[in-house]
Amino acid sequence: MEKTKADIIKVTNLVKRFNGFTAVDNISFSVKKSEIFAFLGPNGAGKTTTIRILTTLLKQTDGSAFVNGYDVSKDKNNVRKSLGIVFQDPSLDDDLTAYENMEFHGILYSVQSNIRKPRIEQLLRFVGLWERKDDLVKKYSGGMKRRLEIARSLIHHPKIMFLDEPTIGLDPQTRKNIWDYLKKLNKKEGMTIFFTTHYIEEAEKVADTVAIIDNGSIIQHGTPLKLKKETRSSSLEDAFLKLTGRSIREEEGSRLENMRLRRRVWR
Amino acid sequence: MLNAIYVLWIRQLKKYFRSRARMLSSLGQPLLFLVAFWFGFGPIYQKAGGGNYLDFLVPGIIAMSILFTAVFTGMEVIWDRQFGFLKETMVAPVPRLGIFIGRILGGATVSLMQGVIIFIIALFIGFRPESISLLPLAFIFMFLIGLLFTAFGTAIASVLDDMHAFPVITNFLIMPLFFLSGALFPLDGLPGSIALISYFNPLSYCVDGLRATLVMTSHFGIIADLFWPIASIALISSIGAYLFSRIQV
């Protein structure tokens, strides 16, 4: 049955180079509809770059990517309509209240007011921020901002949810809460979830499929069970370490970071 | 498209009414200029046969407050980029042109309000507009200055990545534009090359238009005063919209 499901994300020979540095090196993979897909890799492996291409923020150097049947470089608007995104770094307006952040998002995504209002209330109650909905976001803690961003990205009921390290800096209670809710949406609405994380045990618990990327290339792809079997590991974390090695990727990571920083200064 | 324009516009207004401190601090500089130049040059201007300097100065100071508010509001793109909100708008399924238009309409509205506040303060210190019926046209000129320079600020901010260039922009672009616009002193007696620059400066026509509508004196004539700022808005907004649409966040 699973085999017949359509690919909702299809990436073919995707390449992204920054000034000669190859961040994403000819990767191909696909994600099936209603799947929870974990994209794992050490720092600087190319995860965020891939996500930025798939979410239309960055143009690829070569290759193609289709999201929900639309080409990410040509049919941007339709791609954007299909996506909910939680970025690695915050993207809220600190000078607005939580409610205004939610409402503006709803308007930008053309969610009608009679649907928008109850949905915002429901989502804010769910993440436990309804009582503080009229506080300016700058008064929020890091965890509260994260919860608000996740709630915000769900207002327009996206077909595909992109989460770039969504649970970073959250306590176990909140993490569990958020994953329970996301899994519920995944079951009930068939929402596809594409996420990255450094908590490998989190990926092992929730993901149907895992892809491991390192140095811009995908080195393994399959169910957590398959990955564990192939590497003869007891946990996905072990499998991850066997596949990517134990050396710390400070150099790889910082090389790309430095280059990005330099671009930032000079552009 | 309309939803994007609305969101970005109303956001600017909400932020404006929320930060009274910013509203007051951005009134400080124009008021200081108003008082200092009025007391300092008023008597000389009168002796030289120029008439009432306050009448001459107030339109210039109104233009100044709008100019600075507009450029800084336009350059808020840089803040939004640093704090991440720009990304939220850039991945939304709306045309970037809509985001750009919303931003400059918001900035122009906020700047217009700063100009109106200066106008009201000027009424208290003895400034009297010549004709009440021309006031709506004066407000249109104020709005045009707001549009022009919010678009200008947004265009610049679209190619900058951080705030370090901010003082450079202020000192080498905005200040010269302001001083060479005839806001503080008449353009009549300027040496040739400087006069030429003022003739290419759209702000000169905006200031002149404000004077034409508030105190009924004009250097260029009201048709030119309307035409050149509108033409500049069309040009700068097109460049700005293009640069803004190319931002990668």
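Model, not experiment: these values are computed from the prediction. (Residues numbered from 1 in each chain as written. Chains lettered and ligands numbered in written order. Predicted model: local features only at pLDDT ≥ 70, side-chain atom pairs only at ≥ 80, totals over all residues.)

Turning our attention to the overall build of chain A. When its secondary structure is counted, chain A shows 10 helices and 10 strands. By sequence separation, contacts in chain A at least 24 residues apart represent 70% of the contacts at least 6 residues apart. (Helix = DSSP H or I, 4+ residues; strand = E, 2+ residues; numbered from the N terminus. Contact = placed C-beta atoms within 7 Å.)

All right, on to the pairing of strand β7 (residues 160–164) of chain A then. Residue and element names in this part refer to chain A. By the criterion of burial, β7 is predominantly enclosed, with five of the five residues buried. Neither face of β7 is open: one carries Ile160, Phe162 and Asp164, the other Met161 and Leu163, and all of them are buried. When strand β6 (residues 83–86) meets β7, the two strands line up parallel, connected through four bridges. Opposite Ile85, over in β7, you have Phe162 as the bridge partner. (Buried ≥ 20, exposed ≤ 12 C-beta atoms within 10 Å, placed from the backbone. Pairing = 2+ DSSP bridges.)

This part covers the interface of chain B and chain A. Contacts between chain B and chain A engage 22 residues on the former and 25 residues on the latter. Taken together, the elements giving at least two residues each to the side of chain B that touches chain A come down to α1 (2–18) and α5 (85–90) of chain B. Here the side of chain B that touches chain A is built from residues that sort into 11 nonpolar, four polar and seven charged. (Nonpolar A, V, L, I, M, F, W, Y, C, P; charged D, E, K, R; others polar.)

Further remarks concern the environment of Gly98 of chain B. Residues and elements named next belong to chain B. Secondary-structure assignment places Gly98 in helix α6 (residues 96–124). With 36 residues separating them along the chain, Gly98 and Ile62 place their C-alpha atoms 29 Å apart. Residues contacting Gly98, with those up to four places away along its chain left out, are Met1, Ala4 and Ile5.

Right, let's get into the confidence of the model for chain B. Model confidence for chain B is summarised by a mean pLDDT of 89, while 100% of its residues fall at 70 or above. Both scores are given for the predicted complex: the pTM is 0.86, the ipTM 0.85. (pLDDT = per-residue confidence, 0-100.)

Turning our attention to the packing of helix α7 (residues 135–159) of chain B against helix α10 (residues 202–214) of chain B. Residue and element names in this part refer to chain B. Contact geometry for α7 and α10: axes closest at 8 Å, N-to-C directions at 165°. Taken together, α7 and α10 sit at an angle that is classed as roughly antiparallel. Of the two possible hands of crossing, α7 and α10 adopt the one that is left-handed. Together, Leu137, Ala138, Phe141, Leu144, Ile145 and Leu148 of α7 and Pro202, Cys206, Gly209, Leu210, Thr213 and Leu214 of α10 make up the contact between the two elements. Considered class by class, the residues forming the contact of α7 with α10 number 10 nonpolar, two polar and no charged. (Axes fitted to C-alpha atoms, helices over the stretch in contact; angles between N-to-C directions. Parallel < 35°, antiparallel > 145°, perpendicular 65-115°, else oblique. Left-handed = near helix turned anticlockwise from the far one by under 90°.)

Residue and element names in this part refer to chain A. Pairing of strand β1 (residues 7–18) with strand β2 (residues 21–32) involves eight bridges; the strand directions are antiparallel. Directly across from Lys16, in β2, lies its bridge partner Val24. In textbook terms, the turn of a hairpin is the stretch between consecutive antiparallel strands, and for β1 and β2 this stretch comprises two residues, one of which, Asn19, has a positive phi near 40°. Relative to strand β4 (residues 62–67), β1 runs antiparallel, the two being bridged by five bridges. Residue pairing across strands places Lys10 opposite Phe66, the latter belonging to β4.

On to the sheet that holds β1 of chain A. All names here are of chain A. Taken together, four strands build an open sheet; the order of strands is β2-β1-β4-β5 and the sheet is antiparallel. With partners counted over all chains shown, the strands left at the sheet margins are β2 and β5 (70–71), one partner each. Against the sheet, helix α1 (residues 47–54) makes contact with β1, β2 and β4, and its axis sits at roughly 115° relative to β1, the strand it touches most.

The subject of this paragraph is the sheet that holds β6 of chain A. The strands making up a sheet are joined through hydrogen bonds of the backbone, oriented either antiparallel or parallel. Residue and element names in this part refer to chain A. Strands sit in the order β6-β7-β8-β3-β9-β10 across an open sheet of six strands; the sheet is mixed. Among the strands making up the open sheet, the edge pair consists of β6 and β10 (217–222). Across the sheet, the mean angle from the axis of one strand to that of its neighbour is 15°, orientation sign disregarded. Sheet analysis places β7 next to strand β8 (residues 192–196), joined by five bridges and oriented parallel. Looking across to β8, one finds that Leu163 is bridged to Phe195. Strand contacts of helix α9 (residues 236–244): β3 (36–40), β9 (209–214) and β10, with the helix running at about 30° to β9, the strand carrying the most contacts.

On to the confidence of the model for chain A. Residues and elements named next belong to chain A. Summing up the model confidence of chain A, the mean pLDDT is 84 and the portion of residues at 70 or higher is 90%. Helix α3 (residues 98–108) holds the highest mean pLDDT among the elements of chain A, 94, whereas helix α10 (residues 250–266) holds the lowest, 47. This model gives residues 251–256 a pLDDT under 50, and the stretch forms seven contacts once residues within four places in sequence are excluded. A low-confidence stretch, residues 261–267 stays under pLDDT 50, and its non-local contacts, those more than four residues away or across chains, total two contacts.

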